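Descriptive structure summary
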Amino acid sequence: MSSVSAHRHRRSHSRSSQSRPLSPRARSPSPPSPTQTFHPNPLPIIIPTPALVESVAGAAHYSGAKVDSDSMLKHRRSSSHHAPGEITTNHRRVLDDLNELYCCRPTLDIFERSWNKDAVFEDPLSKCHGYSEYGAQWFALPKLFSKSEQISQRVMSSTVSPNRFVYHQRQQYTTRWWHKVKVVESIIVVDLDDDGKIVRLVDQWDGKDLPTWIGASLLRKLNAKVTPWIVSIPKLNHSS
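Here the structure is a predicted model, which is why all the values come from computation and not from measurement.

Attention now goes to a nonpolar patch on the surface. The grouping of Leu144, Trp177 and Trp178 at the surface amounts to a nonpolar patch, some 430 Å² of accessible area in total. Relative to the helices and strands, tryptophan 178 is located in the loop between strand E5 (164–175) and strand E6 (181–192).

Here the focus is the packing of aromatic side chains. By the definition in use, this model includes 12 aromatic pairs. Seen from their ring centres, phenylalanine 111 and phenylalanine 139 are 5.7 Å apart, and the 35° between their planes marks the pair as tilted. Pair noted here: phenylalanine 111 is in helix H5 (residues 108–114) and phenylalanine 139 is in helix H6 (residues 131–144), with a separation of 28 residues, a long-range link. The pair phenylalanine 111 / phenylalanine 139 is uniform in exposure class, with both members buried. Judged by centre distance (5.9 Å) and plane angle (20°), the rings of phenylalanine 165 and tyrosine 167 are stacked. Among the aromatic residues, those joined into a cluster by ring pairs are Tyr102, Phe111, Trp115, Phe121, Tyr131, Tyr134, Trp138 and Phe139.

Taken as a whole and judged by the stated rule, the model has 10 salt bridges. Between arginine 113 and aspartate 97 there is a salt bridge, with its nearest N and O atoms 2.9 Å apart. Placement of arginine 113 in helix H5 and of aspartate 97 in helix H4 (residues 89–102) is noted, with a sequence separation of 16 residues between them. Relative accessible area serves as the criterion here: at 7%, aspartate 97 is assigned to the buried category. Here aspartate 191 and arginine 164 are joined by a salt bridge, their closest N and O atoms 2.7 Å apart. Of this pair, aspartate 191 sits in strand E6 while arginine 164 sits in strand E5; the two residues are 27 residues apart in sequence, bridging distant segments of the chain. Of the residues examined, aspartate 191 reaches a relative accessible area of 14% and is grouped as buried. Overall, arginine 164 belongs to the partly exposed group, its relative accessible area being 23%.

Thresholds applied
Residues numbered from 1 in each chain as written. Predicted model: local features only at pLDDT ≥ 70, side-chain atom pairs only at ≥ 80, totals over all residues. Heavy atoms only, no water. Patch = residues over 30% accessible without salt bridge, like charges linked within 9 Å, V, L, I, M, F, W, Y side chains within 5 Å. Areas by Shrake-Rupley, 256 points an atom, 1.4 Å probe, with all protein chains shown as cover. Salt bridge = Lys/Arg side-chain N within 4 Å of Asp/Glu carboxyl O. Helix = DSSP H or I, 4+ residues; strand = E, 2+ residues; numbered from the N terminus. Phe/Tyr/Trp six-rings, centres within 6.5 Å; stacked < 30°, edge-to-face > 60°. Buried < 20%, exposed > 50% of the residue type's maximum accessible area, 1.4 Å probe, protein only.

Structure (structure tokens):
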């Protein structure tokens, strides 16, 4: 009897366990999806054009000035600056006169029209002060070279404040006696006064800085002093 009761108890326990529903296993909540927040830039992006940067930076470098991007952009907004290749009317007149000089065709009219009598002229071979010194350098060219031709020229910068223009030039010279040909590539920086006349011209061959070591400086000054003894130049009018 006891065995039958035990058997029935096991069967009823088995049925109750089969009929009892299984509770599902709790799942952990999924992490929230990442979100991106975009904040608009409150300041406008100002990108200077490559031509502007090249022109102003090149002109500042060859005139010995330090280039600062902020001051460069401020100067661009505050002063009258022409794009590379453009040039003011007065600068064009002076440039045309310089082309005549570099082509070995100096005249008194050019110096009276476009040069201040107290101007400074510098290149790797000389450092001249005043018409008597720089005039002799220009009038010496046709005695040294039978021919001088401009191969190329490009205006890099032309500004009203400061009154300056900078240009690149390739000039081919032929010596008078040996007929040797020499091509000189230069960066030329020209500063003018309020009358539109040259007060300083720096001719940098191959765009390099002028020599400043003691020996070179003495030779450059000596060349400026000696050349007027060898080359005669016409006298300026007193009104110039």
